[in-house]
Structure formats: structure tokens, C-alpha cells
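Coordinate analysis (summary)
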Amino acid sequence: MATQVIQNPQTKANSEKKHHPGYRVLLHNDSFNTMEYVVETLMETVGMNEPQAVSVMMEAHTNGVGLVTVCALEHAEFYCESLKSKGLTSTIEPAE
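Residues numbered from 1 in each chain as written. Predicted model: local features only at pLDDT ≥ 70, side-chain atom pairs only at ≥ 80, totals over all residues. Heavy atoms only, no water.

Along the backbone of the chain there are four helices and three strands. Sequence-ordered secondary structure for the chain, helices as α and strands as β, is α-β-α-α-β-α-β. In the chain, buried positions account for 27% of the 96 residues. Summarising the internal contacts of the chain: among those between residues at least 6 apart in sequence, 70% fall at separations of at least 24. Element-wise, carbon and sulfur atoms account for 53% of the exposed surface of the chain, whose accessible area totals about 6,800 Å². (Helix = DSSP H or I, 4+ residues; strand = E, 2+ residues; numbered from the N terminus. Buried < 20%, exposed > 50% of the residue type's maximum accessible area, 1.4 Å probe, protein only. Contact = heavy atoms within 4.5 Å. Areas by Shrake-Rupley, 256 points an atom, 1.4 Å probe, with all protein chains shown as cover.)

Written out as C-alpha cells, the structure reads:
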């Protein structure tokens, strides 16, 4: 008598599920907000500490765009809208 292993279809589906990498929240450089204001806003809206906020601000200042965070779509939309409501230019894009 042979033993047959039957894989649970639900387990198979879960193991084949691909993890979505999330969404990037981007901060764009502008010519009207001060560096200090951008740092303060990142700390308040995204919950960054000062060195993290300075790093993102400098990346945006130097390269035109800085990566704020990578997170789920709902959080990305919230952070993006929060930054926009404070007068900063922000967008989201899928992380790949």
C-alpha cells in the first residue's frame, strides 16, 4: 500500500502569492520652501528623526527628488497627501 501526499490547495495558493514591494513616496525639490521647513515637515508628517529628514531633504535638493519611504499604498497616499497639505511637492510610484 502506497502513501500519497495531497497538498492543500489553500497552502499552495499562499506559497505562490507574490509579495508586492509597495509604493515609493517621493519628495520633489522646490524653490520656495526653506530647508528647515522641509526637515520639520518630514519629522511631523512622516515621523522621521532629524538626521533622516535632513538626508531626504538633501537628496531632493541635490537630485531633484528624494525617497521618503516605501510602504503600502494606503500609507503612501496618506504621507503624500500630508506632505502636499503642508505645501511640499510629493508623488507616489510603485516600487519594483
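The end-to-end C-alpha distance of helix H3 (residues 50–63) is 20 Å, a good match for the 20 Å that 14 residues give at a rise of 1.5 Å each. Of all the residues in H3, the buried ones are Ala53, Val56, Met57 and Ala60. Angularly, the buried residues of H3 cover 95° about the axis, an arc narrow enough to put them on a single face. The exposed set on the far side of H3, more than 90 degrees from its buried face, consists of Pro51, Thr62 and Asn63. For H3, the N-terminal cap is Asn49; the gap from its side-chain oxygen to the backbone nitrogen of Gln52 is 2.9 Å. (Expected span 1.5 Å × (residues − 1). Arc of directions from axis to C-beta. Polar contact = N/O pair within 3.5 Å; in protein donor to acceptor, adjacent residues only side chain to side chain.)

Each packed pair of helices is defined by two parameters, the angle between the axes and the distance between the axes. Running from N to C, helix H2 (residues 35–46) and H3 cross one another at 130°; their axes reach a closest spacing of 9 Å. Relative to H3, the element H2 is oriented oblique. In terms of crossing hand, the pair formed by H2 and H3 is right-handed. Along the contact surface, H2 presents Met35, Val38, Val39, Leu42 and Met43, while H3 presents Glu50, Ala53, Val54, Val56, Met57 and His61. (Axes fitted to C-alpha atoms, helices over the stretch in contact; angles between N-to-C directions. Parallel < 35°, antiparallel > 145°, perpendicular 65-115°, else oblique. Left-handed = near helix turned anticlockwise from the far one by under 90°.)

It is worth spelling out the sheet that holds strand S3 (residues 89–94) at this point. Ordered by their spatial adjacency, three strands build an open sheet running S2-S1-S3, and the pairing between neighbours is antiparallel. The strands lining the two open edges of the sheet, one partner per strand, are strand S2 (65–71) and S3. Averaged over all neighbouring strand pairs, the angle between strand axes comes to 25°, with direction disregarded. Note: strand S1 (residues 23–28) against S2, six bridges, orientation antiparallel. By the bridge assignment, Arg24 is partnered in S2 with Val70. H3 rests against S1 and S2 of the sheet, and its axis sits at about 135° to S2. Where helix H4 (residues 73–85) meets the sheet, it contacts S1, S2 and S3, and its direction lies at approximately 165° from that of S3. (Pairing = 2+ DSSP bridges.)

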